[in-house]
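# Structure at a glance
Residue strings, one per chain:
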Amino acid sequence: MTAVMTLPRSRFWLATVIFVIATWLGAGTLLVLQPYVHLDPELLMLTQFGPTIGVLAAIGLLAKDSQQGTKNALVRAGVGAGIVVALFGVCAAALALAGQPLHLAIPEQFWLIAPLQLIGACGEELGWRTFLQRHLQTRFSMIVSAVIVGVLWSTWHIQYYAFGPAFFLSFVTMSVAVSLIMAVLVRGTSRRGSLLVAGVFHWLLNLGILILLNFEQGGLRNMLILAASSVVIAAVVVGGNRQVTR
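This section reports on the structure supplied with the text. Predicted model, so just to flag it, every value in this text is computed and none were measured.

## Re the overall build of the chain
For the chain, the count of helices and strands is 8 helices and 0 strands. For the chain, the C-alpha radius of gyration of 18 Å lies close to 18 Å, the compact-globule estimate for 246 residues. A principal-axis box enclosing the C-alpha atoms of the chain has dimensions of 55 × 45 × 35 Å. Every one of the 246 residues in the chain was classed for burial, and the buried ones make up 48%. Put simply, of all contacts in the chain between residues at least 6 apart along the chain, 82% involve residues at least 24 apart. Side chains of the chain give 14 positive and 7 negative charges; the mean places of these two sets differ by 24 Å.

Given below as structure tokens:
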């Protein structure tokens, strides 16, 4: 287990508020700047680095931790990859039962999208799991912390607000379930290790959605199936974890 120093209550809440506000404002600024840097949003959304800005804003208030949880990060990243495969396997089975088989849709620039998506996923996870999940766990249980992170993470994706309440509620459900899975995976790792584990998981999840369940155009059925499948997998992962308490 990684040793983490607990911040005084005032510094804990100050760091939390600074991170959340800086993340939202940073992402909004990057969204405005995106057209001016002439970077195709399909390749990389600059808003993914909003959480990185949040961490940089709060960095002076962060608790220190040891590095003893780094060595098993590669193993956990591999386990996470297996969980992503299982998740999309459940999605495929659900779609098949509904008479809607998966259709592969590999973008022409996938060779460029894939590495850029890894960078973007790590940009997000530097804030969500590497900072906020660990930060909240100094005060709350792993599960409560993961639910809070999942809600903030999902509501931060403002591009999905336009797809309607049913779609967005499903997206929030999926995000909370995935947040619980990643909380189990990064538990006890160092910050460096958690970034590797969560970054790879987030990256593979994004690629799976892009190739198999693209809901960028508001595909409610795919979103509902992904949300339900995520809840099933999260229940198995959290239920099988022996250390779900703080």
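## What about helix 8 (residues 220–240)?
The end-to-end C-alpha distance of helix 8 is 30 Å, a good match for the 30 Å that 21 residues give at a rise of 1.5 Å each. Taken together, the buried positions of helix 8 are occupied by N222, M223, I225, L226, A227, S229, S230, I233, A234, V237 and V238. On its buried side, helix 8 packs onto helix 3 (73–97), helix 5 (142–155), helix 6 (165–186) and helix 7 (191–212).

## Observations regarding the packing of aromatic side chains
Per the stated rule, a full pass over the model turns up 12 aromatic pairs. Each ring, one from W128 and one from W156, has its centre 5.6 Å from the other, and the planes form 65 degrees; the classification is edge-to-face. Of this pair, W128 sits in helix 4 (residues 110–136) while W156 sits in the loop between helix 5 and helix 6, and the two are 28 residues apart along the sequence. A relative accessible area of 2% means that W128 is categorised as buried. Among the residues examined, W156 registers a relative accessible area of 8% and is labelled buried. Here Y160 and F163 contribute two aromatic rings whose centre-to-centre distance is 5.8 Å and whose plane-to-plane angle is 45 degrees, an arrangement assigned as tilted. Its relative accessible area of 26% is what places F163 among the partly exposed residues. Counting every residue linked through ring pairs, the aromatic cluster contains Y160, Y161, F163, F167, F168 and F171. For the cation-ring pair, R129 lies above W153, with the distance from its terminal atom to the ring centre recorded as 4.4 Å. Sitting above the plane of the F12 ring, R139 keeps its charged end 5.3 Å from the centroid.

## Structural notes on the side chain of R129
Inspection of the secondary structure puts R129 in helix 4. A polar contact is formed between the side chain of R129 and the side chain of S179, at a distance of 3.1 Å. Non-local contacts of R129, meaning those with residues more than four positions away in its chain, are made with R134, V149, W153, S179, M182, V186 and A198.

## Description of the nonpolar core
With 56 residues, the main nonpolar core has F131, I181, F201 and L226 as its most contacted residues. Counting residues per element, the ones that place at least two in this core are helix 1 (9–33), helix 2 (50–58), helix 3, helix 4, helix 5, helix 6, helix 7 and helix 8. It is helix 6 that contributes the most residues to this core, 15 residues altogether.

## Section: the pattern of salt bridges
The full count for this structure, using the stated rule, is 1 salt bridge. Taking the shortest distance from any N to any O, the salt bridge between E125 and R129 comes out at 2.8 Å. In this pair, E125 and R129 are both assigned in helix 4, 4 residues apart and thus about one turn of the helix distant.

The rules we used
Residues numbered from 1 in each chain as written. Predicted model: local features only at pLDDT ≥ 70, side-chain atom pairs only at ≥ 80, totals over all residues. Heavy atoms only, no water. Helix = DSSP H or I, 4+ residues; strand = E, 2+ residues; numbered from the N terminus. Rg over C-alpha atoms; globule rule 2.2 N^0.38 Å. Buried < 20%, exposed > 50% of the residue type's maximum accessible area, 1.4 Å probe, protein only. Contact = heavy atoms within 4.5 Å. Lys, Arg positive; Asp, Glu negative; His and termini not counted. Charge placed at Lys NZ, Arg CZ, Asp CG, Glu CD. Expected span 1.5 Å × (residues − 1). Phe/Tyr/Trp six-rings, centres within 6.5 Å; stacked < 30°, edge-to-face > 60°. Lys NZ or Arg CZ within 6 Å of the ring centre and 35° of its normal. Polar contact = N/O pair within 3.5 Å; in protein donor to acceptor, adjacent residues only side chain to side chain. Core = buried A, V, L, I, M, F, W, Y, C linked by side-chain atoms within 4.5 Å. Salt bridge = Lys/Arg side-chain N within 4 Å of Asp/Glu carboxyl O.

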